[in-house]
Amino acid sequence: MDTIYALATAPGKAGVAVIRVSGALAFGIAKKLAGTLPGIGMARVRRLRDESGLHLDDALVLAFEGPGSFTGENTVEFQIHGSQASVKSVFRAIAETGLARMAEPGEFTRRALENDRMDLSEVEGLGDLIEAETEAQRLQAIRVFSGGLATMVEGWRENLLRAASLLEVTIDFADEEVPVDVTPEVRELIAPVMVDLRQEIDGVAIAERVRDGFEVAILGAPNAGKSTLLNAIAGRDAAITSDIAGTTRDVIEVKMDLAGIPVTLLDTAGLREAQDDIEKIGVDRALSRAEAADLRIYLQSYPNEPAMVDLRDGDMEILGKGDLQEEGSGVSGLTGQGVSDLLERVTAVLSERVARQSVATHARHADAMRDALGALDLALGDIDAGEDRTELAAENLRMAIRRLESLIGRIDVEAILGEIFSRFCLGK
């Protein structure tokens, strides 16, 4: 494969910029620029020069020998001063050697995958880790990146391979009497895998919300104090507030971090019979976003006001404009009364949901596990049908194994690689 290079740190002015070179000619390129290489795994300061001998920069140079490097190839990193001019000058010098080309997005990580330094689930975990903004997102990504899903899949695979081999013994020796009925052991091997798969499938939706953020919608009648509450939580004037009912026409979004959990708060149009076409659009959008939200806070205009939407488990009904109510009751964005308690309640509800998340984190994972679960259901049905269906049971077990192997990239992954690596930056 071509030797490639790219900036591994964020573009722009910085204290240090890291340029990564990977491939069979990486060490040769480094010698052309730095004169000599430090020992493998060591870091030394070298003066970088181009082919004409022009001093480019002083750099900390590190060399990693394949297959022990991140990519599995010989790799060199130049840690230079982080000006854009310095980066451009080193890029130009590397290009002038004619020995390397600029990397494509995610190409370093793709080579790590192709050289068996990472499996597909670890690649996805790394992508999520790069994008992580909150502690919950970081922890979730680290679990996958460190091989949590791969370890789980390998345990399932071992059980199913054992079950398949037991069935195949009865097929291979169909003309002979097998001394032991293997079906009880086969069922014992399949059953815990099916339990784990159901739990993981159920948890993927929560894992996706941790990655993409939970949505919490603030609902209520016009002039219930929704926008003022949103501004108090956000700590800024994110929404226009007014005594005029129906001021909010569109959905206002505010992203925030609640105890490490990514949350998008939604301020919606007041729920009532619309006075004009524009307000009707706003009310329709409010109802639509409320239906899709993970949690709804219904702000009551008066005590015991019935909610105008169907509330679900975990949703909250709270009296708004607490500064105008009996002392100590309700929540007020104007004075801050009850805001901290409300956020604590929201955090507690979402934290409980986060605790139910799975190691599997993507819709692709859930699809593969559903397919595997379906194949295992068929296999059990074939086993129950008797000896004449043993071959079908064994084939369904093999199908389940193949779908589980696709989770970590052993088979059938080429079609999704482009989508995965398109989210990576050039230096990864």
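Structure: see above.
The model shown is predicted, which means the values in this text are computed figures rather than measured ones. Throughout this description, residue numbers start from 1 for each chain and increase along the sequence as written. In keeping with the predicted nature of the model, local features appear solely for residues at pLDDT of at least 70, side-chain atom pairs appear and are counted solely at 80 or more, and the whole-chain, interface and lining totals rest on all residues. Computation of side-chain values: all heavy atoms of the structure, hydrogens and water removed.

Caption draft 1: Layout of helix H3 (residues 107-114). Of all the 8 residues making up H3, 6 are buried; the element is thus mostly covered by neighbouring parts of the structure. Looking at the residues trailing H3, positive phi occurs at Asp-116, about 60°. Under the scheme applied here, a residue whose accessible area is under 20% of the maximum for its type counts as buried, over 50% as exposed, and between as partly exposed, the area being computed with a 1.4 Å probe on protein chains only. We count a stretch as a helix when DSSP gives it H or I for four or more residues in a row; a strand needs E for two or more, and each element gets its number in order from the N terminus.

Caption draft 2: Just the sheet that holds strand S9 (residues 261-267), in detail. With mixed pairing, the 5 strands of this open sheet are ordered in space as S8-S9-S7-S10-S11. Both edges of this open sheet fall to strand S8 (252-258) and strand S11 (316-319), since each of them pairs with a single strand only. Strand-to-strand twist across the sheet, computed as the mean angle between neighbouring axes with direction ignored, equals 25°. Bridging between strand S7 (residues 214-220) and strand S10 (residues 295-300) involves 5 bridges; their strand directions are parallel. Bridge pairing links Gly-220 to Leu-299 in S10. In the packing of helix H10 (residues 339-354) onto the sheet, the strands contacted are S7, S8, S9, S10 and S11, and the crossing angle to S11 comes to about 175°. Strand pairing follows a simple DSSP-based rule, namely that at least 2 bridges must link the two strands. Think of each axis as a best-fit line through the C-alpha atoms, taken over the contacting stretch in the case of a helix, with angles from 0 to 180 degrees between the N-to-C directions. When checking whether two residues touch, look at their non-hydrogen atoms; a contact exists if any pair is within 4.5 Å.

Caption draft 3: Region of the structure containing the packing of helix H5 (residues 135-145) against helix H7 (residues 183-212). Two numbers describe how H5 lies on H7: the axes approach to 8 Å, and their chain directions differ by 125°. Classified by the angle between their axes, H5 and H7 sit oblique to one another. The interaxial crossing formed by H5 with H7 has left-handed handedness. Together, Ala-136, Gln-137 and Gln-140 of H5 and Ala-207, Val-210 and Arg-211 of H7 make up the contact between the two elements. Working rule for angles: under 35 degrees goes down as roughly parallel, over 145 as roughly antiparallel, 65 to 115 as roughly perpendicular, anything else as oblique. What makes a crossing left-handed is the near helix being turned counterclockwise from the far one by less than a right angle; a clockwise turn instead makes it right-handed.

Caption draft 4: Representation of the sheet that holds strand S2 (residues 14-22). The mixed open sheet is built from 6 strands, whose spatial order is S3-S4-S5-S2-S1-S6. Single-partner strands in this sheet number two, and they are strand S3 (43-49) and strand S6 (101-102). Two elements, S3 and strand S4 (residues 55-64), share 7 bridges in a ladder whose sense is antiparallel. Within S4, the residue paired with Ala-43 across the bridge is Leu-62.

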